[in-house]
Amino acid sequence: MAKDNTAIAAEEKKEAASLKPLKDEERSMGWGSYTMLWLGGCISIGTLTMGSAQLGKGLNLMQIFLAVTIGTLVLIVGICLNDTFSYKTGAPYAIQLKSAYGTKGSAIPVLIRGLPAIVWYGFQTWLGGAAINQISIALFHYNNVWLFFFVFQAVQIALSIKGFQGIKWVENIGGVVIVAAMFYLLYICLSKYSGVIQTNLGSLKPTWGLPFIAACIAFFGNSTTVMLNAGDYSRELKRGYSPAKRGSAYFLAMVPATVMLGVIGAMASTATGIANPINAFGTMVDNVFIKVVVLAFILFAQMTTNLASNVVPPAYAFMDVFKMKHKTAVILVGILAVCCCPWILTNDASAAGLDVFVKVYTAFFSPIFAVLIVDYYILHKHHFTEAELNDLYAEDSSRQGVNWAAIIATAVGAVIGLLNVDISFLTATVPTGLIYYFCMKKMKSCQNFRKGTILEAGDRK
């Protein structure tokens, strides 16, 4: 019995430490594994669907290519800015938020970040289950998409419970499979359907202005979720990598893959007239073996994206806000993902709605991003002392409660962004940052959140 109690105590201690700053020896990823993590995370069928969603807006293939490239480059700049706090301190995104929003106020942005991740998790899991079902039909003539959906869900939950060690090996293997399959999908589009693609996409007269800007924002917003909690991943990267080296990992992982997927999604949909990428490629590929390979790519794409981008943020959110254990939080994320009815989101008719969904949550994410950047780089001079970091974890933290400067700035920024979701990042980010800065300087209730008010560790109670 004593042994069991000791084991339980050790497990509880491990759970309690999961949000604590990671020490140097606890960081599990080198540059190569970190690059593969981001490669697996950014490759998603959602990106293919986003490419198809741009059809009918008057954009040609060249413009879609430029929109994906610009959107992804802007995203990388945002990630490079926002990953520094956690890389230097080892603390996750949920703790980073406490600096600007307060111990209680941080629950708002952390849950805002978690909700879209749960929706995407359900979306990706249903597509993964559908891919397994298509493989089963092709090889064994057995059709049961619901069974494979829940099997795939169970596998992902089991891997997620293992934490980043479980995620790491899936990303390393999946990255190789994904890159090879992407090139083959591009080959199919160009070799079999080049005439249709040229007629429908290549010969269109360019439509610039708002439609093009909206496309850039849509591709930026497709992965903007990870821009907010970039620290959840950078804290796992070993020491010694400059911002430039981390940026090179983001660039190599995200730009080629995202651009290729966006373009392939647009080409596949215009060639077949089918928005759902699984159904589109099922129509395009005749050979059973090759179809299984392509579907395996889709399966790996869903798994790597979910494990890297859609499980970690809401799980950390539940752990911080509701004081859950890691295992419980991961299981809850899986249950909520099913409740989002992903079988509806993946219908062909839902492609346009998915585009709108991405733009709407970008209108909320942009203000949160602006607040974090101003707080870290301007108010804290991109440096947190050990005393300041400890203060974010302390029960009697000087940042107890709600920082209304951050809440007000975020609310105003979100309203501005929602006025025109097509350009929300452009319209909401700068005003939010300015409002937060001036509120922090002028509001008396924010004095505990200003730099220089933290007691040294030895002076704390």
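Before any of the text, the structure's been laid out above.
Nothing here was measured: the structure is a model prediction, and the numbers come from that model. Chains are numbered independently. Their residues run from 1 in the order of the written sequence. The predicted origin of the model limits local features to residues at a pLDDT of at least 70 and limits the giving and counting of side-chain atom pairs to 80 or more, whereas totals for whole chains, interfaces and linings rest on all residues. Computation of side-chain values: all heavy atoms of the structure, hydrogens and water removed.

Caption draft 1: Highlighting the environment of Pro367. The residue Pro367 is located in helix H20 (residues 351–379) in this model. Remark: the alpha-carbon pair of Pro367 and Gly417, spanning 50 residues in sequence, is separated by 8.6 Å. Each helix corresponds to a stretch of at least 4 residues labelled H or I by DSSP, and each strand to a stretch of at least 2 residues labelled E; elements are numbered beginning at the N terminus.

Caption draft 2: Fine view of the packing of aromatic side chains. Any pair of Phe, Tyr and Trp rings, taking the six-membered ring for Trp, is counted once the centres come within 6.5 Å. Such a pair is stacked with planes under 30 degrees apart, edge-to-face with planes over 60 apart, and tilted for the rest. Applying the stated rule across the entire model yields 22 aromatic pairs. With centroids separated by 6.3 Å and ring planes inclined at 70 degrees, the aromatic side chains of Tyr34 and Trp38 adopt a geometry described as edge-to-face. Taken as a pair, Tyr34 and Trp38 lie in helix H2 (residues 31–42) at a separation of 4 residues, close to a single helical turn. Considered together, Tyr34 and Trp38 belong to a single accessibility category, that of buried residues. When the ring of Tyr34 is compared with that of Tyr250, the centres are 5.9 Å apart and the planes differ by 55 degrees; the resulting orientation is tilted. In this pair, Tyr34 sits in helix H2 while Tyr250 sits in helix H14 (residues 243–272), placing the two residues 216 residues apart along the sequence. Lysine NZ or arginine CZ positioned within 6 Å of the ring centre and within 35 degrees of the ring normal marks a charge as sitting over the ring. Its guanidinium or amino end placed over the ring of Tyr87, Arg27 lies 5.4 Å from that ring's centre, counting from NZ or CZ. We note Arg246 situated over the ring of Tyr87; from NZ or CZ to the ring centre the distance is 4.3 Å. Residue exposure (1.4 Å probe, protein chains only): buried if accessible area is under 20% of the type maximum, exposed if over 50%, otherwise partly exposed.

Caption draft 3: Representation of unusual backbone geometry in the model. With a phi close to 55 degrees, Cys341 is a non-glycine residue in the positive phi region. Positionally, Cys341 belongs in the loop between helix H18 (326–339) and helix H19 (342–345). Backbone geometry at His382 places phi at a positive 45 degrees, although glycine is not the residue there. Looking at the element boundaries, His382 is found in the loop between H20 and helix H21 (386–393). His382 gets classed as partly exposed once you look at its relative accessible area, which sits at 41%.

Caption draft 4: Examining the pattern of salt bridges more closely. Any Lys or Arg side-chain nitrogen located within 4 Å of an Asp or Glu carboxyl oxygen qualifies as a salt bridge. By the definition in use, this model includes 3 salt bridges. When the shortest N-O distance is used, the salt bridge between Asp83 and Arg246 registers 2.8 Å. Taken together, the residues span a long stretch of sequence, with Asp83 in the loop between helix H4 (61–82) and helix H5 (84–89) and Arg246 in helix H14 at a distance of 163 residues. Accessibility assignment for this pair places Asp83 and Arg246 in one class, buried. Here Asp391 ties to Arg399 by a salt bridge, and the two come within 3.3 Å at their closest N and O atoms.

Caption draft 5: Up close: the nonpolar core. The nonpolar core is taken to be a set of buried Ala, Val, Leu, Ile, Met, Phe, Trp, Tyr and Cys residues, with the residues joined through side-chain atoms within 4.5 Å. Formed by 113 residues in total, the largest nonpolar core has its most connected members in Tyr34, Trp38, Ile79, Met254 and Tyr436. Ranked by residues supplied to this core, first place goes to H14 with 15 residues. A contact between two residues is defined here by any heavy atoms of the two lying within 4.5 Å. Not counting chain neighbours up to four residues away, the residues in contact with Trp38 comprise Ile79, Val226, Ala230, Tyr233, Tyr250, Ala253 and Met254. Core analysis: the second largest hydrophobic core is formed by 8 residues, Phe85, Ala91, Phe384 and Leu389 among them.

Caption draft 6: Region of interest: H4. Counted at 1.5 Å a residue, the expected span for H4 with its 22 residues is 32 Å, and the 32 Å between its end C-alpha atoms agrees. Two N or O atoms form a polar contact when they lie within 3.5 Å of each other; inside protein one atom must be a possible hydrogen donor and the other a possible acceptor, and for residues adjacent in sequence the pair counts only when both atoms belong to side chains. At the N-terminal boundary of H4, the capping side chain belongs to Asn60, with an oxygen 3.2 Å from the backbone nitrogen of Met62. Working rule for helices: expected span equals 1.5 Å times residues minus one.

Caption draft 7: Just a nonpolar patch on the surface, in detail. Side chains of Leu139, Phe140, Tyr142, Leu147, Val151, Val155 and Val288 sit close together on the surface and give an oily, nonpolar patch of about 630 Å² of accessible area. Where the nonpolar patch is concerned, the elements lending two or more residues are helix H7 (107–140) and helix H8 (145–161). Per-element tally for the nonpolar patch: the top contributor is H8, with 3 residues. As for its placement among the helices and strands, Val155 is situated in helix H8. What goes into a patch is any residue over 30% in relative accessible area without a salt bridge, connected to like charges within 9 Å or, for nonpolar side chains (Val, Leu, Ile, Met, Phe, Trp, Tyr), within 5 Å. Note on areas: Shrake-Rupley with a 1.4 Å probe; residue coverage comes only from the protein chains shown.

Caption draft 8: Expanded view of the packing of helix H6 (residues 93–101) against H7. For helices, the fitted axis covers only the stretch in contact; all axes are lines through C-alpha atoms, and the angles between them, taken along N-to-C directions, range from 0 to 180 degrees. Two numbers describe how H6 lies on H7: the axes approach to 8 Å, and their chain directions differ by 140 degrees. In terms of their interaxial angle, H6 and H7 are classed as oblique. In terms of crossing hand, the pair formed by H6 and H7 is right-handed. Together, Tyr93, Ala94, Leu97 and Tyr101 of H6 and Pro109, Val110 and Arg113 of H7 make up the contact between the two elements. Class assignment of the residues belonging to the contact of H6 with H7 gives a composition of 6 nonpolar, no polar and 1 charged. The scheme is simple: roughly parallel for angles under 35 degrees, roughly antiparallel for over 145, roughly perpendicular for 65 to 115, oblique for anything else. Should the near helix be turned counterclockwise from the far one by less than a right angle, the crossing is left-handed, whereas a clockwise turn marks it as right-handed. When residues are grouped by polarity, Ala, Val, Leu, Ile, Met, Phe, Trp, Tyr, Cys and Pro land in nonpolar, Asp, Glu, Lys and Arg in charged, and all others, Gly among them, in polar.

Caption draft 9: Looking closely at H2. With 12 residues, H2 extends 17 Å from end C-alpha to end C-alpha; this agrees with the ideal 16 Å at 1.5 Å per step. Of all 12 residues that make up H2, 9 are buried, and the element is covered over most of its length. Ser33, Tyr34, Thr35, Leu37, Trp38, Leu39, Gly40, Gly41 and Cys42 are the residues of H2 that are buried.

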